[in-house]
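Letter by letter, the chains look like this.
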Amino acid sequence: MSAVTRYTRTAIVLHWLVAALIAAAVGLGLYAVSLELSPQKLKLYSWHKWVGVTIFLLAVARLAWRAWHPAPTPVASLRPWERRLAGATHALLYVLLLAVPVTGWLMSSASGFPVVYLGLVQLPDLVAKNKELAETLKVVHFVLNKIMLALVALHVAAALKHHFVDRDNTLRRMLSWRA
Amino acid sequence: MRFVVALLASLFATAASAAIDMKQSRIAFTFVQMKVPVEGAFQRYTAKVHFDAQQPERSRAEIDIDLNSIDTGSADADTEARRKPWFYTAQYPTATFRSTSIRRAGVDRYEVTGALTLKGRTRTLTAPVEVRRAGAQTVYEGAFAINRLDYAIGDGPWADTDTVANEVKLRFRIVDTGK
């Protein structure tokens, strides 16, 4: 089997789409939390939840796609610990792409404000309304987000380091549109 | 025999001084925001029910709800609900319902018409009520819907019914211990 050297277009599109949606979800979430209760706040919360559900669905799609279309092997110049760190970061990011929306969903259910995706599909409540549980899940949702953002920062820093310091192909593989 | 049972039942009913079992009783509502159904309840209310199965038209129901006791599951929403655009509890702390006519609509089923006063506005409404007896206890249960804007509940920017729907569903279960 020949070594894979590039990402598929589908993988590239999904990667950047999820990146943009994470930025949108974090922005919407933080801004909505800061607002006084208003119709605007309710709208932003709903949109935040819709974006979160979309991220979850796209993360599942990415994992499925990746199972059939392996990611390229890391560039040869990588040291073993760098390879391990990159692998662990990517794995943990995938875990959080699933876990962060799920904690938001559970938190919504526990708060008594279920999620109605795009205003069309009501997600089932996996937990009953419960104030204490809602408070706990709020903290878990927030902390997991902080961990995810720290990992995203590491991920971006590593990509920039490969591009500008090592001057290797790592970042270009995720940007290149040529088939 | 049936006559005797009916007579006894009627005696019990008319003798009832409406000692309400607050643990089993419940006055709850469901409003819809961004297509998301949100449930809540009122913790404090008083109910005086005089029920006469033989002469339903002589029955009466009076319910007073302490609007400050609203519980939506969100402290922010509870505070907002007490403010001027919503219930304006500083000025209108109580919602009242006074029945004006009660008629039989089927076996153990009745239709109660009465005046609901909320935020200084009175509207006539009709609600179906199911009456069930277990020993000395009588359970009155029913559900109906009102349009919040008929009572100026949620005016100003909140009057936008795309965010918070106009229709609010109400459910009640009043358990009279018969003591």
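The rules behind the values
- Residues numbered from 1 in each chain as written.
- Chains lettered and ligands numbered in written order.
- Predicted model: local features only at pLDDT ≥ 70, side-chain atom pairs only at ≥ 80, totals over all residues.
- Heavy atoms only, no water.
- Helix = DSSP H or I, 4+ residues; strand = E, 2+ residues; numbered from the N terminus.
- Buried < 20%, exposed > 50% of the residue type's maximum accessible area, 1.4 Å probe, protein only.
- Contact = heavy atoms within 4.5 Å.
- Areas by Shrake-Rupley, 256 points an atom, 1.4 Å probe, with all protein chains shown as cover.
- Pairing = 2+ DSSP bridges.
- Axes fitted to C-alpha atoms, helices over the stretch in contact; angles between N-to-C directions.
- Parallel < 35°, antiparallel > 145°, perpendicular 65-115°, else oblique.
- Left-handed = near helix turned anticlockwise from the far one by under 90°.
- Nonpolar A, V, L, I, M, F, W, Y, C, P; charged D, E, K, R; others polar.

A separate point is the overall build of chain B. In terms of helices and strands, chain B carries two helices and ten strands. Listing every helix and strand of chain B by position from the N terminus yields α-β-β-β-β-β-α-β-β-β-β-β. A total of 179 residues make up chain B; the buried ones form 45% of that total. Put simply, 56% of the contacts in chain B that link residues at least 6 apart link residues at least 24 apart. Looking at chain B as shown, the accessible area adds up to about 9,400 Å², and 54% of this sits on carbon and sulfur atoms.

In this section: the sheet that holds strand β7 (residues 109-118) of chain B. Residues and elements named next belong to chain B. One open sheet holds the ten strands; their spatial order is β3-β4-β6-β7-β8-β9-β10-β1-β2-β5, and the pairing between them is antiparallel. On the outer flanks of this sheet lie β3 (45-50) and β5 (70-71), each paired with one strand and no other. Relative to β5, strand β2 (residues 36-42) runs antiparallel, the two sharing two bridges. Residue pairing in the sheet places A41 in a bridge with D71 of β5.

What follows concerns the pairing of strand β1 (residues 26-33) of chain B. All names here are of chain B. Counting buried positions along β1 gives six out of eight residues, so the element sits mostly inside the fold. As paired elements, β1 and strand β10 (residues 167-176) share five bridges and run antiparallel to each other. Directly across from I27, in β10, lies its bridge partner F172. The pairing of β1 with β2 spans seven bridges and is classified as antiparallel. For I27, the partnering residue across the bridge sits in β2 and is F42. Counted along the chain from β1 to the antiparallel partner β2, the turn is two residues long, and its residue M34 has a positive phi close to 50°.

Here the focus is the packing of helix α1 (residues 9-34) of chain A against helix α2 (residues 39-68) of chain A. Residue and element names in this part refer to chain A. Where α1 contacts α2, the two axes come as close as 9 Å, and the packing angle between them is 155°. Here α1 lies roughly antiparallel to α2, going by the angle between them. Note that α1 runs across α2; the crossing there is left-handed. Of the residues contributing to the contact of α1 with α2, the split by class is 19 nonpolar, five polar and two charged.

Residues and elements named next belong to chain B. Bridge count between β7 and strand β8 (residues 121-134): ten bridges; the pairing is antiparallel. Following the sheet pairing, E111 is matched in β8 by P128. In sequence, β7 turns back onto β8 through a hairpin of two residues, with K119 there showing a positive phi of about 55°. The pairing of β8 with strand β9 (residues 137-147) spans five bridges and is antiparallel. Paired with R133 across the two strands is T138, which belongs to β9. Joining the antiparallel neighbours β8 and β9 is a turn of two residues, in which G135 adopts a positive phi near 65°.

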